[in-house]
Amino acid sequence: LFSAIASLAMEQILAKQKFESENIVLRNQLDRDLRIATMVGESPVMKRLYNLVSKVARSDASVLITGENGTGKELVARAIHDLSDRKNKPFIAQYVGNIPGTILESELFGYKKGAFTGATSDRIGLFEAVDGGTLFLDEIADLPYELQAKLLRVLQNREFKRLGENIIRKADVRILAATNQDLNKLIKEGKFREDLYYRLNVVRINVPPLRERKSDIPLLVEHFLHNIDPNLRISSQALKKLMDYHWPGNVRQLENIIKRASILASDSTIEADDIQFDDLDTQPLASLLPKNLEDEASLEEIKNYIIRKRLERFNGNKTRAAKSLNISLRALQLKAKELGL
Ligand SMILES: Nc1ncnc2c1ncn2[C@@H]1O[C@H](COP(=O)(O)OP(=O)(O)OP(=O)(O)O)[C@@H](O)[C@H]1O
Ligand SMILES: [Mg+2]
């Protein structure tokens, strides 16, 4: 009996050791295959990004997320929140550019009834609404200068007041901020406070542009196609066309082009012709127009010019031209008739 117990104990010890060593293997594998559920892409630069995101998520530091338009900055911010201890508390994204200072201030900090005309009742701000969670301040470079000082104070003291009230409230909020602008340049120009920059930039995450991770394009395409319709496919020529492009509008532009292609495709396979890099997406309209048109043409003439160009591009296919112009076929037919096309 004793030896039976001893061997059972031994077995358990061995089992435990095996479990632990398997666990280590598993953990190493997880590190190597690190993925973020909401983000697609396995290129080395993206793996590095996931790694950084998962490390940063464990801390409570402020993070400045930089990157060109459409690279996925907001997705990164959400991932940091979802992987953090704050995940069961709110995540709120607030666009802070081009909002008049006082409106934004009351949005962020709330106000007391009577604080200003129109403040007919007390209202909580985002710092209270997000309590215990994460506040994502998008387009931080455009935060009005006087609000930059107020935000700095919250970050320093972890305290704030509602507008028109003298009660000091605790802010248990993690701040993430994003920008596609060069903050160092704005600091030199006196448009962004250096002290706020250092508070926000405790950790910096730069989301690489799509042209620097083209190997992710096939996976991204598959992801977007699947979201539209799981039966959709893409031809190898069409995929090649996507791989050869320079992607000024990054992942958002890819998403839009795939959506458009899925509308243009005549069956469940997207062909190269269905991929339209609408330069109107990324270039100012004026730069596409002949000089005299830009400077002198009436709106009507500009419209007619675009319609002609679009019909040309689709080899006179009115259905496709109408779709790409986002007007009805009937409207396009009328216009084409008027122009004698
Ligand atoms: N790695 C990715 N995997 C899947 N979808 C992505 C990825 N990156 C971006 N997207 C998608 O592309 C679009 C743009 O992403 P997001 O809004 O996060 O970019 P952004 O950097 O905040 O852009 P902007 O500077 O224009 O605000 C979103 O629809 C997002 O879901
Ligand atoms: Mg964004």
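Residues numbered from 1 in each chain as written. Chains lettered and ligands numbered in written order. Predicted model: local features only at pLDDT ≥ 70, side-chain atom pairs only at ≥ 80, totals over all residues. Heavy atoms only, no water.

### Remarks on the pattern of salt bridges
Per the stated rule, a full pass over the model turns up 16 salt bridges. In this structure, Arg-86 and Asp-60 form a salt bridge, with 2.9 Å as the shortest nitrogen-oxygen distance. Taken as a pair, Arg-86 in the loop between helix 3 (73–82) and strand 2 (91–95) and Asp-60 in the loop between helix 2 (44–58) and strand 1 (63–66) lie far apart in primary sequence, 26 residues in all. With a relative accessible area of 45%, Asp-60 lands in the partly exposed category. In this structure, Arg-211 engages Glu-68 in a salt bridge whose closest nitrogen and oxygen atoms are separated by 2.6 Å. Of this pair, Arg-211 sits in the loop between strand 9 (203–206) and helix 9 (217–228) while Glu-68 sits in the loop between strand 1 and helix 3, and the two are 143 residues apart along the sequence. Members of the salt-bridge network, linked through shared partners, are Glu-128, Arg-162, Glu-165 and Arg-169. (Salt bridge = Lys/Arg side-chain N within 4 Å of Asp/Glu carboxyl O. Helix = DSSP H or I, 4+ residues; strand = E, 2+ residues; numbered from the N terminus. Buried < 20%, exposed > 50% of the residue type's maximum accessible area, 1.4 Å probe, protein only.)

### Here we look at the sheet that holds strand 1
Taking strand neighbours across the sheet as the criterion, the five strands line up as 2-5-8-1-9 in an open arrangement whose pairing is parallel. Each edge of the sheet is formed by a strand with only one pairing partner; in this case those strands are strand 2 and strand 9. Each strand of the sheet is rotated relative to its neighbour by a mean of 20 degrees, with strand direction disregarded. Along the sheet, helix 2 contacts strand 1, strand 8 (174–179) and strand 9; its crossing angle with strand 9, the most-contacted strand, is approximately 150 degrees. (Pairing = 2+ DSSP bridges. Axes fitted to C-alpha atoms, helices over the stretch in contact; angles between N-to-C directions. Contact = heavy atoms within 4.5 Å.)

### Here's the deal with the site of ligand 1
If you check the shell around ligand 1, you find 17 residues, and the closest are Val-40, Gly-70, Lys-73, Arg-252 and Glu-255. At 3.3 Å from an oxygen atom of ligand 1 is found a main-chain nitrogen or oxygen belonging to Thr-71. The contact in question runs from an oxygen atom of ligand 1 to an N or O atom on the side chain of Lys-73, over 2.7 Å. In isolation ligand 1 has 630 Å² of accessible area, and contact with the protein removes 85% of it. For the shell around ligand 1, the secondary-structure elements that each account for two or more residues are helix 3, helix 9 and helix 11 (250–264). Its residues assigned to classes, the shell around ligand 1 comprises seven nonpolar, five polar and five charged. Residue-level mapping places the shell around ligand 1 at the junction of two domains, with at least three residues from each of domain 2 (44–208) and domain 3 (212–283). (Near = heavy atom within 4 Å. Polar contact = N/O pair within 3.5 Å; in protein donor to acceptor, adjacent residues only side chain to side chain. Areas by Shrake-Rupley, 256 points an atom, 1.4 Å probe, with all protein chains shown as cover. Nonpolar A, V, L, I, M, F, W, Y, C, P; charged D, E, K, R; others polar. Domains from an automatic or database assignment.)

### Quick word on the nonpolar core
The biggest cluster of nonpolar side chains holds 33 residues, and the ones touching the most others in it are Phe-127, Leu-135, Ile-140 and Phe-192. For this core, the elements supplying multiple residues, two or more each, are helix 4 (101–109), helix 5 (126–129), strand 5 (134–138), helix 6 (145–157), strand 8, helix 7 (183–188) and helix 8 (194–200). No other element matches helix 6, which puts five residues into this core. Those residues in contact with Ile-140 that lie beyond four places of it in its chain are Leu-64, Val-96, Leu-151, Ala-177, Ala-178, Thr-179, Leu-183, Phe-192 and Leu-200. Among the nonpolar cores identified, the runner-up in size contains 22 residues, and Tyr-50, Ala-57, Val-63 and Ile-65 belong to it. (Core = buried A, V, L, I, M, F, W, Y, C linked by side-chain atoms within 4.5 Å.)

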